[in-house]
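If you want the building blocks of each chain, they are given just below.
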Amino acid sequence: MRIETNRLILRNIEETDVEDILRIRSNEEINRYILRNSPKTNYDALDFILTIKRNTQNNETVYLGISYKDQPNLIGTICLWNFSEDRKIAEVGYELLPDYHRQGIMSEALDAVLHFGFNELNLQEIIATTHQDNNSSKTLLLKYNFVLEQDKKDEDFPEGIIFSLKKDNNSQYIIKC
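Residues numbered from 1 in each chain as written. Predicted model: local features only at pLDDT ≥ 70, side-chain atom pairs only at ≥ 80, totals over all residues. Heavy atoms only, no water.

A. Structural detail: the pairing of strand β5 (residues 89-96). Judged by how many residues are buried, β5 sits mostly within the fold: six of eight residues are covered. Pairing of strand β4 (residues 76-81) with β5, which is carried by six bridges, proceeds in the antiparallel orientation. From the neighbouring strand, C79 faces β5, where its bridge partner is G93. With four bridges connecting them, β5 and strand β6 (residues 125-131) associate as parallel partners. Bridge pairing in β6 places V92 opposite A128. What joins β5 to β6 is helix α4 (residues 105-120), and the crossover it makes is right-handed. (Buried < 20%, exposed > 50% of the residue type's maximum accessible area, 1.4 Å probe, protein only. Helix = DSSP H or I, 4+ residues; strand = E, 2+ residues; numbered from the N terminus. Pairing = 2+ DSSP bridges. Right-handed = clockwise from strand over helix to strand, strands pointing away.)

Structure below.
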């Protein structure tokens, strides 16, 4: 799978992306806001890539690496996962290396994935869980009209807050960028 935006390519990750995935998923600044076991070696990153490829083939996730059109290295990832049984709801997740923050990259990637989720997968709602102290992520979600679900909690992520965005049934999702 491949989605192109003005500046970016969002594409399936491959075994050749092992060093980029290791760099992204082991980054301390990113992991400050995410609960996960970070890869320590290329083998750990490769194991993660193979798991993602298997989950993608089984339609359990849409997991895309983010790169600039003129640079092959991945600078982040974005995914739709945790689909509801009826496949009407999914969760979006994303991460971006700190050197690329505040350049509109994740905004551009999120916009493309929202468009894909609502218009191609026919999702009715997309959920996002972010750390309560991750102000950049909260700002991004609010920019795209996500609504804080104050009554919802994630038992596995006590510091997390949940946002949701419902599809307007009167129209298709329109790209903002």
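Let us keep going from here.
B. Geometry of the side chain of D17. Turning to its location among the elements, D17 is positioned in the loop between β2 (8-12) and α1 (18-25). At 2.8 Å, the side chain of D17 forms a polar contact with the side chain of R11. Ignoring sequence-local partners within four residues, the contact set of D17 consists of R11, N12, I49 and L74. (Polar contact = N/O pair within 3.5 Å; in protein donor to acceptor, adjacent residues only side chain to side chain. Contact = heavy atoms within 4.5 Å.)

C. View of the nonpolar core. Counting residues in each nonpolar core, the largest one holds 33 residues, and the members touching the most others are I66, I78, L80, V92 and F146. Taken together, the elements giving at least two residues each to this core come down to β2, β3 (62-68), β4, β5, α4, β6, α5 (135-143) and β8 (160-166). Once you skip the residues sitting within four places of it in the chain, I66 turns out to touch L8, I9, L10, N73, L74, I75, G76, T77, I78, I105, M106 and A109. Formed by 14 residues, the second largest nonpolar core is a distinct cluster that contains I21, I24, I49 and Y63. (Core = buried A, V, L, I, M, F, W, Y, C linked by side-chain atoms within 4.5 Å.)

D. Layout of the pairing of β8. Of all the seven residues making up β8, six are buried; the element is thus mostly covered by neighbouring parts of the structure. Bridge count between strand β7 (residues 147-148) and β8: two bridges; the pairing is antiparallel. Residue pairing in the sheet places L148 in a bridge with F163 of β8.

E. Region of interest: the sheet that holds β5. The strand order across the open sheet built from eight strands is β1-β2-β3-β4-β5-β6-β8-β7, with neighbouring strands paired in mixed fashion. Two strands close off the open sheet at either side, each with one partner strand: β1 (2-4) and β7. Of the strands in this sheet, β3, β4 and β5 are in contact with α1, which crosses β4 at around 85°. (Axes fitted to C-alpha atoms, helices over the stretch in contact; angles between N-to-C directions.)

F. Structural view of the packing of aromatic side chains. Under the definition given, this model contains two aromatic pairs. Between F48 and Y63, the aromatic rings sit 5.6 Å apart at their centres with planes inclined by 75°, giving edge-to-face as the arrangement. Taken together, the residues span a long stretch of sequence, with F48 in helix α3 (residues 42-57) and Y63 in strand β3 at a distance of 15 residues. According to the relative accessible area criterion, F48 is buried, its value standing at 17%. It is R25 that lies over the ring of F48; its NZ or CZ is 3.8 Å from the centre. The aromatic ring of F83 is capped on one face by R87, whose charged end is 4.0 Å from the ring centroid. (Phe/Tyr/Trp six-rings, centres within 6.5 Å; stacked < 30°, edge-to-face > 60°. Lys NZ or Arg CZ within 6 Å of the ring centre and 35° of its normal.)

Without other data, these values stay purely geometric and don't point to any function.
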